[in-house]
Structures are given as C-alpha cells and as structure tokens.
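# Coordinate inspection notes
Chain residues, written in single-letter form:
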Amino acid sequence: MTTDTHLDLVWLWHMHQPDYRDYARDEYALPWTYLHGIKDYTDMADHLERHPEVHAVVNFVPILLAQLADYAAQIATRQLRDPLLRLLAHPTPHAWSEAERDLVLAACFKANHERMLAPFAPYQRLHELFTATQTLGLTASRYLGGAYFADLVTWYHLAWMGETVRRRHAWLPMLMAQGEGFTLEDRLRLLTLIGDELAALPTRYRALADRGQIELSTTPYAHPLAPLLLEFGAAREVLPGLALPSANAYPGGRERLRSHLSLAVLDHQQRFGHAPVGMWPAEGAISGPALVEFADLGCRWVASGEAVLANTLHQANIPYQRELALYRPWRDASGISVVFRDDKLSDLIGFEYAKWHGRDAARHFIAELEAVRAAVPDTETPLVCIALDGENAWEYYPYNGYYFFSELYSALSRHPMIRTTTLCAALASPDHLARTQTLPRVCAGSWVYGSLSTWIGDADKNRAWDLLCAAKTVYDETIEHLAPSDRVEAERLLRACEGSDWFWWFGDYNPATAVASFDHLFRHNLQALYQRLGRPPPAALEHSVSSGGGAPELGGTMRRGGSE
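Below you will find a few notes about this structure. (Residues numbered from 1 in each chain as written. Predicted model: local features only at pLDDT ≥ 70, side-chain atom pairs only at ≥ 80, totals over all residues. Heavy atoms only, no water.)

## Notes on the nonpolar core
- Trp11 and Tyr205 are the most contacted members of the largest nonpolar core, which totals 189 residues.
- Tallying contributions element by element places helix α11 (residues 184-210) first for this core, with nine residues.
- Setting aside residues up to four positions removed in sequence, Tyr205 forms contacts with Met15, Tyr41, Met44, Ala45, Val58, Phe60, Ile214 and Leu216.
- Listed in part, the five residues of the second largest apolar core include Ile63, Ala66, Tyr221 and Ala222. (Core = buried A, V, L, I, M, F, W, Y, C linked by side-chain atoms within 4.5 Å. Buried < 20%, exposed > 50% of the residue type's maximum accessible area, 1.4 Å probe, protein only. Helix = DSSP H or I, 4+ residues; strand = E, 2+ residues; numbered from the N terminus. Contact = heavy atoms within 4.5 Å.)

Rendered as structure tokens:
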C-alpha cells in the first residue's frame, strides 16, 4: 500500500419510526417516536456536532419528521395526545384510574434492563416493588400508591433521555440523583425539555447540512416497500417458491408509490430548504421497476444491501468478487447510481460492538477498514458504505453509545488514510466516477437477507396484504365521491397503512407483545379507513392478523443483512 492511497467512508444513518397514530382516537398508540427523538436523534446530532471533521448521510423518513413536529406542537400547547405524556404532566397521580396505572406499569419498564434500568438504583427499586406484587399475587395498580406511579413515569423518561442531553443540562443529573419524590414541577420541567429537544431536531440537522458536514436524504413518505407496491412477484426473484397473497397485485401500486415519492420530496424541501439528491428506499428494498420510479423523480442515488448486489451479479452469471464489486458505485440502466452497504461492518455496529469496550470496538472497526483498503488495488479508491438504523442499536450500548461514538469519530477524524464523505460528494468525485460500473438488471431484494421475505410470504404477512388490498379496492371505488375533508383523511389513513412496518412485525418469530400492538393499530386504522369511505369494515378486521411468540435478536427491531 502506497502512502497516497486512501479509502472513502460513507455513513448512512437511517432515521425511521412508523406512524404510531391511532387516527380514529386521534392519539398515539405507542411512544417510540418521541422516546427515540429525545434519546437517539438528539445524541446522533450531538456526536456529529462535536466532530465536525466527520461527514455522513442522514436519512429522515417524512412520516417520522411529521410525528416529531406533532409532538413538539402538542407539548408547546399542552394539548397532549400521547397517553404517557399526559400522565407525566398529570397534576394528581393518586387520582389516576386503574386503566391509567395499568398503562404505566405495562409501558414504563420497556427498556433494555441492563443498560437503561439496572444502572439507576431508584428505578431498579421501582421494578423490584412491581415484581414483589406479582410474586405475592397482588394487583399492582391497586396496591401501589400515587407517589410510586409519579416516580415510575418520571424515571421512564429520565432513562430514555439522551446521554448528550444529560450532559448539556446539569439539572437532569441532579434530578436523577434525587431519585424519588418527583413533584409536578419536576415532571413539567421534564416535559418542557422533551418538547424543546424535539422541536430543535430539524434545525440542528439542517445546520449540519448547511455547513456541508452531512447530506440529508429521504425515503418514500410513509416507508412503503417500493418493489411490492409495484408487483408482489418481485419477492420470487430471490425465492421462486415463496407463497404470495391471494390478491394478484396491490391495486394502483405504481400511482401509490409515486404519491409517496413526490410527497417525500415536497416534505423534505419544505423542512430543509432543498430537494433531496438521494434516497434510502424503505428497508433498502429495490427492484428494476422501482429504480425507474426513483430515477424518474429526479433521484440521483439510492442505496441498498450487499446481498442485493451479490444476487444481482449471480443472476447475471457474474461471480461476486467482494473486494472488487462491493466497494464501488454502480449505475442502473435507468441512470440512477446505486451504492451497496457493507453488511459485515454495518452488522458489527448494529449487533456486536455493544458488547465491547468503546475504544476496542473503534480500533477493531478501523482495522477492518484498513483491511478493506489493503484488499483493493492501490490504484483504486474503495468506497465503503455503512448503513443502518440511527436509533435502535444504541439502547444496547453503555451510555447510549456515547463513548463508542466519541472513540470512533475521534479516530476517524485523525486517520491519515480514511476520509468520511457524503454520497453526493463521493459520486461526483473523479475517483469514483471512473470506477462506476453498469449494474445488470437488479434482482429485487432488501438489506435484510437480500430478499423481501421479511414483508411477504409468511401466512400472516400475506393475510395482511390481502386485507390492505381489499381496503384499497374500496378506496378506489369511493374516493372521488367523498367530501374534500373526508378525502384528505382517507388518504392519510391509507398512506399510514401502506407502511412496511406492519408486515415486518407480523409473523410467529416476533415478540407477542410487539406483534399485538402493531396488529391492533393496523386493523384499527383499516377500520377507520372503511368508516371514512362510508363503508362498513369487513368482519375479518375483528380478528387478529398475527399473534407472534418468538424472541428475535434485539427484540426484533433490527435484523442482520446476511443470507437466510
């Protein structure tokens, strides 16, 4: 290796939460959007702000940004439509109903016990008290008093607060040191901070983009699976015998994908002041027809999973030589550039490094990049793309990954060979323009296993698709006859139901509690869609689509990119 050789590294942090709004009740069914907002999206911005030499791509799904803005507005006006936030601000916890107490008991221990609960002795004691009531056969919601529930809802939000937020606000560690007896004033101060942090997020990321440190990209509006909206048969390109829904195709899927795409571009432009150059398709899922739709919109790049590239080359009878194929840009016949993530390195961060000391993990990652550089001819500049969720893994890291990122970003900032960059900048550079190759007809797949089987093929997933297809057929028959206000609401409901996350969670390998939550919300929003369309919901929506019962890695929120 010569002294002037280098490696270009692209971080692609995908920020996504599905639409957790129950539109019929006009409130949030699950709190994950604002919790990840105050813990992960704040910390990820801070890591970049503290390391201005590190460049990255940050991908925001529009449905996430809409919810973050909604939460900030709720808190600013105190018109709270999230039940947990309402209880955090409730002046008299001793007057809570039994149902409200049950809600707090069910929700406020949902966190990684080792990293987010056990380190805080007062929070741990609250858990031990609850466990004791269960051992003794007592009904905790009746036996435990108002002070217990006030402390529990407070500790839950303290535990979910980002590490960098705690370091910026000295009163937060003081409140945590207090440990118990939290007053209404304490809780309202915490609520105000939550609102302030959420409201500041778009401004912070826009400032990082305006100074050229990050590139902001987007995803089709509500995170639908582009290849499956276009054709269910795309799932058989990798798995020929895969079972498919009874419906032949999603009705009007091409128009629906175009709607999600155009709305995403408009939303991004309004929030960040410019149209996005690139997109991370939902779940990194692409197909030949989907790439045409992205390109026709004016999108210049998309990214996907490594296994998609391997399958594509295999399908074209081209051997997959990893060092030569993975670390370069590709160009599809549609004219769009496609970059593929390094599954191994991305999964090390997503699944393995949480178990390591931060400095050891950073050193190991740097060594892996140096090995990539050594494996590529000195005359070429490898382009390495690390793409993964920007929120779900950090719950499993000590201090929400604070020391890991401090060590890693610092090491990258001073490394003489590794350059962090954005995809827009990398694809415009002479080094990578010269190395761009023509992509054979892409084999449809995603960043999970290189297939689409996480969202279709299982009996429960296929049943959900059939329910959605039936609702879309009724939508097509009635939408033009609705009053304008009903038409807008029907469109919102349909868009939410087209998101990928419902199909991700359905299946017996996922946890029963998570499946039950998504199952209920999916069916409830489909019922609301029928009612908005002036039609009675079918009886099938009274019955669960899926029950779950598995125990996947990291609770099922993330999956590895490797083969099935």
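## Some remarks on the packing of helix α1 (residues 32-50) against helix α19 (residues 402-414)
- Between α1 and α19, whose axes approach to 10 Å, the crossing angle comes to 30°. The orientation of α1 with respect to α19, classified from their angle, is roughly parallel. Once α1 is placed against α19, the crossing between them reads as right-handed. On α19, the residues that touch Met44, His47, Leu48 and Arg50 of α1 are Tyr402, Phe405, Ser406 and Tyr409. (Axes fitted to C-alpha atoms, helices over the stretch in contact; angles between N-to-C directions. Parallel < 35°, antiparallel > 145°, perpendicular 65-115°, else oblique. Left-handed = near helix turned anticlockwise from the far one by under 90°.)

## Structural notes on the state of the cysteines
- Considering all chains together, one arrives at zero disulfides under this definition.
- Cys385 forms no disulfide, and the closest cysteine sulfur to it belongs to Cys299, at a distance of 14 Å.
- Judged by its relative accessible area of 1%, Cys385 is buried.
- In this structure Cys443 is not part of a disulfide, and its nearest cysteine sulfur, from Cys385, lies 20 Å away. (Disulfide = S-S within 2.5 Å.)

## Thoughts on the side chain of Glu306
- Inspection of the secondary structure puts Glu306 in helix α15 (residues 306-315).
- If near-sequence neighbours (up to four positions away) are discounted, Glu306 is found in contact with Tyr320, Arg322, Leu326, Phe340, Arg341, Asp342, Asp343 and Lys344.

## Some points on the side chain of Thr154
- As for its position among the elements, Thr154 is in helix α8 (residues 146-159).
- Classification of Thr154 as buried rests on a relative accessible area of 0%.
- Non-local contacts of Thr154, meaning those with residues more than four positions away in its chain, are made with Leu88, Phe182, Arg187 and Leu190.

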